[in-house]
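Observations on chain architecture
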Amino acid sequence: MAVLQDAVRVTIIEADGSSPREAGACMVVSVDGSTGTIGGGALEHQAIARARAMLGEQPGSEWQRHTEKIALGPSLGQCCGGAVRLLYERIGAGRSGTLGCNKATSAFQPGLLVRPLASGPPPRLVLERRETQRLPPPVARAVAEMLSGLRPRRLALVRDWLIEPTGDRRPRFYLYGAGHVGRAIVAVAATLRIDIVWVDTARDRFPESLAGDIHIEIAADPAIAAGRAEANCYHLVMTYSHAIDLAVCHALLQRNDFAFLGLIGSKTKRARFLSRLRQAGIADAALQRLTSPIGIGGITGKEPATIAVAAVAQLLQLIEASRQMKRPEATEASAS
């Protein structure tokens, strides 16, 4: 990971009541810019100002940190009614263990990033239980329980120490087709915490410039790209050719190891595809997993932007449902 020069990472470490973002949301603030968001508005404006004031201080030999609790009420010009606690961490030139934001913790190996809320030692990446010996006992116990699965792996405060999961893989979304609807979908999805693989048959089918973290895959045969995709990914099929759409669907249904497979089109198109795929040997149980038309219900517009909003909303519903299913059922023990 590239080392950030003279920046402050601002992280929501507690969120009580109604707040614009959840605990763990963060942004990185430099003298002339910022990346990430903690919810925008007056809260973010104030946090950026305080982060830049921190950058104006003389750096010390330790990692500089401080916390601030902010009520999201009239005094801030907001009416959320909740409160957040922010952690400010200064990242100086040449510091090891550099922290970025949003996709930054996914750049680390799967483990737990542990550090005190007070100024002091750099963040420490803990990958195994045997690496907890030098941590305060309550913190070591919580980290060991997270690593062993006895406690949910989520952002936690223990005795004024912050434990933050790393290496969490973002959902991967394969989009087949760079036409008008495909471009509209990418414009929405690129702003989210989703890894996007965008597949089409030629480079000139894609826009000249791309926003966000998008991997373009040029494939003369998109069905081959579908066959190489990782398991448990989300797929939307909308190429310029029904024959290519059919081949991609066949490749994915033959594997039947995806998280979601959506096909743009009408109920008539779905019926014809199901008939041809059944003739090609795809089992009925797999065919039931093909979703077409795509998008959440109640939205009937045919404009590319409308389809994009409905389709991405459907993806977010599925991703959130998957996350809920994967969360450990064990109740988080008291960290006293």
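Here, the structure is the one placed above.
First, a word on what this report is: a plain description of the structure on this page. Since the model is a prediction, treat every value here as computed from it, not as a measurement. (Residues numbered from 1 in each chain as written. Predicted model: local features only at pLDDT ≥ 70, side-chain atom pairs only at ≥ 80, totals over all residues. Heavy atoms only, no water.)

1. A closer look at the pattern of salt bridges
One pass over the structure, following the stated rule, counts 17 salt bridges. Salt-bridge contacts for R115 lead to E164; the nearest nitrogen and oxygen are separated by 2.9 Å. Taken together, the positions of R115 in strand β6 (residues 111-116) and E164 in strand β9 (residues 161-166) put the pair 49 residues apart, joining distant regions of the chain. Here the two residues R115 and E164 agree in accessibility, since each one is buried. The partner of R228 in a salt bridge is E217, and the shortest N-O contact between them spans 2.8 Å. Here R228, found in helix α4 (residues 222-228), pairs with E217, found in strand β12 (residues 214-218); they are eleven residues apart in sequence, far enough to count as distant. Beyond isolated ion pairs, a larger network of salt bridges with shared partners links R9, R65, E89, R115 and E164. (Salt bridge = Lys/Arg side-chain N within 4 Å of Asp/Glu carboxyl O. Helix = DSSP H or I, 4+ residues; strand = E, 2+ residues; numbered from the N terminus. Buried < 20%, exposed > 50% of the residue type's maximum accessible area, 1.4 Å probe, protein only.)

2. Overview of the sheet that holds strand β10 (residues 172-176)
As summarised here, the arrangement of the six strands in space is β12-β11-β10-β13-β14-β15, forming an open sheet in which the pairing is parallel. Strands with a single pairing partner mark the edges of an open sheet, and in this sheet they are β12 and β15 (290-291). Sheet analysis places β10 next to strand β11 (residues 195-200), joined by five bridges and oriented parallel. Considered in β11, the bridge of L175 is made with W198. Lying over the sheet, helix α3 (residues 180-189) contacts β10, β11, β12 and β13 (234-237), oriented at roughly 160° with respect to β10. (Pairing = 2+ DSSP bridges. Contact = heavy atoms within 4.5 Å. Axes fitted to C-alpha atoms, helices over the stretch in contact; angles between N-to-C directions.)

3. What about the nonpolar core?
General note: in soluble globular proteins, nonpolar side chains tend to be found buried as a group. With 28 residues, the main nonpolar core has Y176, V248, C249, L253 and L277 as its most contacted residues. Those elements giving two or more residues to this core turn out to be β10, β11, α4, α5 (242-255), β14 (260-263), α6 (267-279) and α7 (284-287). Counting residues per element, this core draws most heavily on α5, which supplies seven residues. Other than its neighbours up to four places away in sequence, Y176 contacts V199, P222, A226, H235, L236, V237, M238, T239, V248 and L252. By size, the runner-up hydrophobic cluster in this structure holds 25 residues, among which are I196, Y234, I264 and I294. (Core = buried A, V, L, I, M, F, W, Y, C linked by side-chain atoms within 4.5 Å.)

4. Re α5
For α5, with 14 residues, the first-to-last C-alpha span of 20 Å sits near the 20 Å given by 1.5 Å per residue. Those residues of α5 that sit buried are I244, D245, L246, V248, C249, A251, L252 and L253. Its side-chain oxygen at 3.2 Å from the backbone nitrogen of A243, S241 defines the N-terminal cap of α5. One or two positions beyond α5, positive phi appears at N256, with a value near 55°. (Expected span 1.5 Å × (residues − 1). Polar contact = N/O pair within 3.5 Å; in protein donor to acceptor, adjacent residues only side chain to side chain.)

5. Quick word on the pairing of strand β1 (residues 7-16)
Within β1, seven of the ten residues are buried, which leaves it mostly tucked inside the rest of the structure. For β1 and strand β5 (residues 83-91), the ladder comprises nine bridges, and the chain directions are antiparallel. Within the sheet, the bridge partner assigned to A7 lies in β5 and is I91. Judged from the four bridges that link them, β1 and strand β2 (residues 26-29) form a sheet pairing that is antiparallel. Paired with R9 across the bridge in β2 is V28.

6. Describing the environment of A313
Note on placement: A313 falls in helix α8 (residues 304-326). Spatially, the C-alpha atoms of A313 and V188 are 9.8 Å apart, while their sequence positions differ by 125 residues.

7. Considerations on unusual backbone geometry
Here the amide bond leading from S292 into P293 is cis, since omega sits at 0°, within 30 degrees of zero. Checked against the element boundaries, P293 lands in the loop between β15 and α8. A positive phi is found at R159, a non-glycine position, where the angle reads about 50°. Residue placement: R159 occurs in the loop between β8 (156-158) and β9. By relative accessible area, R159 is classed as exposed at 54%. Phi at N232 is positive, roughly 65°, even though this residue is not glycine.

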